[in-house]
2 protein chains.
Amino acid sequence: MYTIREVCEKTGLTSHTLRYYEKEKLLPSVGRSAGGFRQYTDEDMETLAMICCLKNTGMSLQEIAQFMTLAREGDSTLEARCEMLRKHRENVLGRMEEMQRYLDKVTCKYDCYSKRLAEYRQKQGE
Amino acid sequence: MYTIREVCEKTGLTSHTLRYYEKEKLLPSVGRSAGGFRQYTDEDMETLAMICCLKNTGMSLQEIAQFMTLAREGDSTLEARCEMLRKHRENVLGRMEEMQRYLDKVTCKYDCYSKRLAEYRQKQGE
DNA sequence: CATTGACTTAGAGTTCACTTTAAGGTTTAT
DNA sequence: ATAAACCTTAAAGTGAACTCTAAGTCAATG
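These figures come from a predicted structure and were not determined experimentally.

J.: Residue-level account of the packing of aromatic side chains, with values.
T.: Each pair of aromatic rings is reported with the distance of its centres and the angle of its planes. Taken as a whole and judged by the stated rule, the model has 4 aromatic pairs over all chains. One cation-aromatic arrangement involves Arg116 of chain A over Tyr113 of chain A; the distance from NZ or CZ to the ring centre is 5.4 Å.

J.: A description of the side chain of Arg38 of chain A should follow, citing residues and the corresponding values.
T.: All names here are of chain A. Locating Arg38 in the fold gives a position in strand β2 (residues 38–39). Within the local environment of Arg38, its side chain forms a polar contact with the side chain of Glu22, the two groups lying 2.7 Å apart. Residues in contact with Arg38, not counting those within four places in the same chain, are Tyr2, Thr3, Ile4, Arg19, Glu22, Val30, Gly31 and Arg32.

J.: Could you give me a rundown of the side chain of Arg81 of chain B, with the residues and numbers involved?
T.: Tracing the sequence through the fold places Arg81 of chain B in helix α5 (residues 78–125). It turns out Arg81 of chain B is buried and unbridged, and the closest side chain with the opposite charge, Asp75 of chain B, is 4.7 Å from it. When residues no more than four places from it in sequence are discounted, the contact partners of Arg81 of chain B are Tyr113 of chain A together with Phe67, Leu70, Ala71, Gly74 and Asp75 of chain B.

J.: An account of the relation of the copies chain B and chain A is requested, with residue identities and associated values reported.
T.: Once turned by 180 degrees and shifted 0.1 Å along the axis, chain B lies on chain A with an RMSD of 0.4 Å. Within this description, the copies of the chain are treated as partners about a two-fold rotation axis. Judged by C-alpha distance, Met96 of chain B is the residue of chain B that lies nearest the rotation axis, at 3.7 Å. Residue by residue, 97% of the interface of chain B is reproduced at the interface of chain A, so both copies engage with the same surface.

J.: So, the domain arrangement of chain A: which residues are in play, and what are the values?
T.: All names here are of chain A. Domain parsing of chain A yields domain 1 (1–73) and domain 2 (75–126). The distance between the C-alpha centroids of domain 1 and domain 2 comes to 30 Å. Listed as interface residues are 11 residues of domain 1 and, on the opposing side, 10 residues of domain 2. Roughly 880 Å² of surface becomes buried between domain 1 and domain 2 when both sides are summed, with 72% attributable to carbon and sulfur atoms. Per-residue buried area on domain 1 facing domain 2 is highest for Thr57, Phe67 and Leu70; these three make up 53% of the total on that side. The tally of links between domain 1 and domain 2 comes to 0 salt bridges. For the pair domain 1 and domain 2, the interface holds 3 residue pairs in polar contact (both at pLDDT 80 or more). Going through the elements one at a time, α3 (42–56) and α4 (61–72) are the ones with two or more residues in the side of domain 1 that touches domain 2. For the side of domain 1 that touches domain 2, a count of residues per class yields 6 nonpolar, 3 polar and 2 charged.

J.: With reference to specific residues and values, describe the packing of α3 of chain A against α4 of chain A.
T.: All names here are of chain A. Contact geometry of α3 with α4 gives a least axis separation of 10 Å together with a crossing angle of 140 degrees. In terms of orientation, α3 and α4 fall into the oblique class. The two elements α3 and α4 cross, and the hand of that crossing is right-handed. Within the contact between the two elements, α3 uses Thr47, Met50, Ile51, Leu54 and Lys55 and α4 uses Leu61, Ile64, Phe67 and Met68. Here the residues of the contact of α3 with α4 sort into 7 nonpolar, 1 polar and 1 charged.

J.: I'd like to hear about the state of the cysteines, residue by residue, with values.
T.: Residues and elements named next belong to chain B. For the structure shown, the criterion picks out 0 disulfides over all chains. Between Cys52, a free cysteine, and Cys53, which holds the nearest cysteine sulfur, the sulfur-to-sulfur gap is 8.7 Å. Unpaired in this structure, Cys112 has its nearest cysteine sulfur neighbour in Cys108, at a distance of 6.8 Å.

J.: Describe the protein's contact with DNA strand D, listing the residues and the values that go with them.
T.: Around DNA strand D sit 17 residues, and of these Arg5, Arg19, Arg32 and Arg38 of chain A together with Tyr21 of chain B come closest. Of all DNA strand D atoms lying within 4 Å of any protein atom, the proportion belonging to sugar or phosphate reaches 78%. Per-element tally for the surface near DNA strand D: the top contributor is helix α2 (residues 15–23) of chain B, with 4 residues. Residues that form the surface near DNA strand D fall into these classes: 6 nonpolar, 6 polar and 5 charged.

Criteria and cut-off values
Residues numbered from 1 in each chain as written. Chains lettered and ligands numbered in written order. Predicted model: local features only at pLDDT ≥ 70, side-chain atom pairs only at ≥ 80, totals over all residues. Heavy atoms only, no water. Phe/Tyr/Trp six-rings, centres within 6.5 Å; stacked < 30°, edge-to-face > 60°. Lys NZ or Arg CZ within 6 Å of the ring centre and 35° of its normal. Helix = DSSP H or I, 4+ residues; strand = E, 2+ residues; numbered from the N terminus. Polar contact = N/O pair within 3.5 Å; in protein donor to acceptor, adjacent residues only side chain to side chain. Contact = heavy atoms within 4.5 Å. Buried < 20%, exposed > 50% of the residue type's maximum accessible area, 1.4 Å probe, protein only. Lys, Arg positive; Asp, Glu negative; His and termini not counted. Salt bridge = Lys/Arg side-chain N within 4 Å of Asp/Glu carboxyl O. Least-squares fit on C-alpha atoms with pLDDT ≥ 70 in both. Domains from an automatic or database assignment. Buried area = accessible area lost by both parts, 1.4 Å probe. Nonpolar A, V, L, I, M, F, W, Y, C, P; charged D, E, K, R; others polar. Axes fitted to C-alpha atoms, helices over the stretch in contact; angles between N-to-C directions. Parallel < 35°, antiparallel > 145°, perpendicular 65-115°, else oblique. Left-handed = near helix turned anticlockwise from the far one by under 90°. Disulfide = S-S within 2.5 Å. Near = heavy atom within 4 Å.

Below, the structure is given as structure tokens:
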């Protein structure tokens, strides 16, 4: 069991964000202590790791919430979730390829600017 | 010379977005026809290509505006712009590496789900 | 020469993903 | 036992990047 503070430290998310994710159904309702404080289980931590992974690869919180809602419905939703992951993976791959192409352009621009800068310095020195 | 419509078609941006970019100083003030309609030059098109390249690699519009403002000030800002590009390129490289690591996780999750799904189907078939 | 459709402006509204605020209750250390 | 630190909620606010609206002007076509 972890307090919200410990979860913040482990995940890098703020407590506000954790509560927000719970409100948005990314996480199931987290258990509480006698005093009403959240107590995160290891299972909650795994769910959070999955959330971070999906979020960091560009899935919207809305879609993550959808995925997690399906996950809570059990094995009958395995196919739907599998399909979501497959599509998401395709998207990520596509974006990475696009990114690579844009990176090449940025590199090219940078080289071009470096040359112009060298020439400019030469001229200044004359 | 291109009308705003032609520029939309070439860039995939909407006319609203093009005007918004101009207001935000990403583009210099675009020339006008007798009737007050925007007329984009080839130079404007090149600037737009650069903007899209920087935007699609994750530079904020604010930073792009900064870059473009420097560009309009002439060669004395070459060094500053060169440095911006260098840093930006580093950022993009870093993000791509991070993305690759997350992609591996997504792939792993997908494989795991595929297996679970196969098992589930087997069980259903029994 | 009238209508249709594209263009103009300023400014308000939207979406996403938080982030902050206000007002109060709980835990822990001294 | 009391202060400091941390937790709770609901709701409002923020920043980025658009996106839409209203009211009007311009251009092309039958």
